[in-house]
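# Overview (structure and organization)
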Amino acid sequence: MDKPDHKSSDDKQAALFRAFADNFRWEDVSLLAYKEEGSAPFKSITRQVLFKDDALRCELRYFEVAPGGYSTLERHEHTHGVMILRGSADVLVGDEVRTVKTHDLVRIPAMTWHQFRTKGDEPMGFLCMVNVERDKPQLPRDEDLNAMKANPAIAGFLKS
Ligand code: MN
């Protein structure tokens, strides 16, 4: 007799072990859209939620950006802790633009403009730790963009 499948996605989140599969997928972890299409500008990103634990009050997600892709330029009150897992990217955090590669760490403080843009022909993947409860990201207004572009490094980054 078949075993009834009562597994909800929450049960799957509670699995003690989940194997890493080929091509940066994990066992029983769904491949999701980065965000709702049309909700904000972004290009060629997928999302996997690796851990979501109410007791920890945080989530660990894996995002992957295809070559030529980028995350949304945004800011919000919640913070991010990021580790690059594959590939390379140019990253804007506040008034700094840096090139990052596998295993580099990026801290994104509250209300700080940030964006990831891939570099090279390889996909760029990163782990991102975030609070379970979080505010909605803000997108830059024209005046915010103009202020950012006053910094030549950021102007170059935004044009790339
Ligand atoms: Mn963000």
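None of the values given here were measured: they were computed from a predicted structure.

Quick look at the overall build of the chain now. Regarding its fold elements, the chain presents 3 helices and 11 strands. Ordered by position from the N terminus, the helices and strands of the chain form the series α-β-β-β-β-β-β-β-β-β-β-β-α-α. Seen through its principal axes, the chain has C-alpha atoms that stretch 65 × 35 × 30 Å. Out of the 160 residues in the chain, the part that is buried amounts to 38%. The long-range fraction of contacts in the chain, counting pairs at least 24 apart against all pairs at least 6 apart in sequence, stands at 64%. Element-wise, carbon and sulfur atoms account for 51% of the exposed surface of the chain, whose accessible area totals about 10000 Å².

Relative to the helices and strands, Trp113 resides in the loop between strand S9 (105-108) and strand S10 (114-119). Among the residues examined, Trp113 registers a relative accessible area of 9% and is labelled buried. For the pair Trp113 and Glu96, spaced 17 residues apart in sequence, the C-alpha to C-alpha distance is 9.9 Å.

Take the coordination of the manganese ion next. Donor atoms from the polypeptide that coordinate the manganese ion comprise Glu74 (OE), His76 (NE2), His80 (NE2) and His114 (NE2), at 2.0 to 2.3 Å from the metal. Coordination of the manganese ion draws on donor residues from a single chain, spaced E-x1-H-x3-H-x33-H in sequence. Pair noted here: His76 is in the loop between strand S5 (58-70) and strand S6 (80-86) and His114 is in strand S10, with a separation of 38 residues, a long-range link.

Judged by which residues are buried, S9 turns out to be one-sided: Val106 and Ile108 face inward and are buried, whereas Leu105 and Arg107, on the alternate face, are not. Pairing of S6 with S9 involves 4 bridges; the strand directions are antiparallel. Looking at the pairing, Met83 lines up with Leu105 of S9.

Empty space within the largest pocket amounts to approximately 540 Å³. Along the wall of the largest pocket there are 26 residues; nearest its centre are Tyr34, Lys35, Glu74, His76 and Pro137. The greatest single-element share of the lining of the largest pocket, amounting to 3 residues, is contributed by strand S11 (residues 124-131). Its residues assigned to classes, the lining of the largest pocket comprises 11 nonpolar, 7 polar and 8 charged.

Moving on, we get to the side chain of His76. The buried category is assigned to His76, whose relative accessible area is 1%. Engagement of the side chain of His76 in a polar contact is seen with the side chain of His114, the distance being 3.3 Å. Contacts of His76, omitting those with residues within four sequence positions, involve Ala110, Met111, His114, Asp135, Lys136 and Pro137.

The rules we used
Residues numbered from 1 in each chain as written. Predicted model: local features only at pLDDT ≥ 70, side-chain atom pairs only at ≥ 80, totals over all residues. Heavy atoms only, no water. Helix = DSSP H or I, 4+ residues; strand = E, 2+ residues; numbered from the N terminus. Buried < 20%, exposed > 50% of the residue type's maximum accessible area, 1.4 Å probe, protein only. Contact = heavy atoms within 4.5 Å. Areas by Shrake-Rupley, 256 points an atom, 1.4 Å probe, with all protein chains shown as cover. Donors = N, O, S within 2.8 Å, 3.2 Å for Na, K, Ca; no water. Pairing = 2+ DSSP bridges. 1 Å grid on protein atoms, 1.4 Å probe; cavity = no way out; pocket = protein on both sides within 12 Å on 5 of 7 lines; lining within 4 Å. Points joined across faces, edges and corners; volume = space filled by probe spheres on them. Nonpolar A, V, L, I, M, F, W, Y, C, P; charged D, E, K, R; others polar. Polar contact = N/O pair within 3.5 Å; in protein donor to acceptor, adjacent residues only side chain to side chain.

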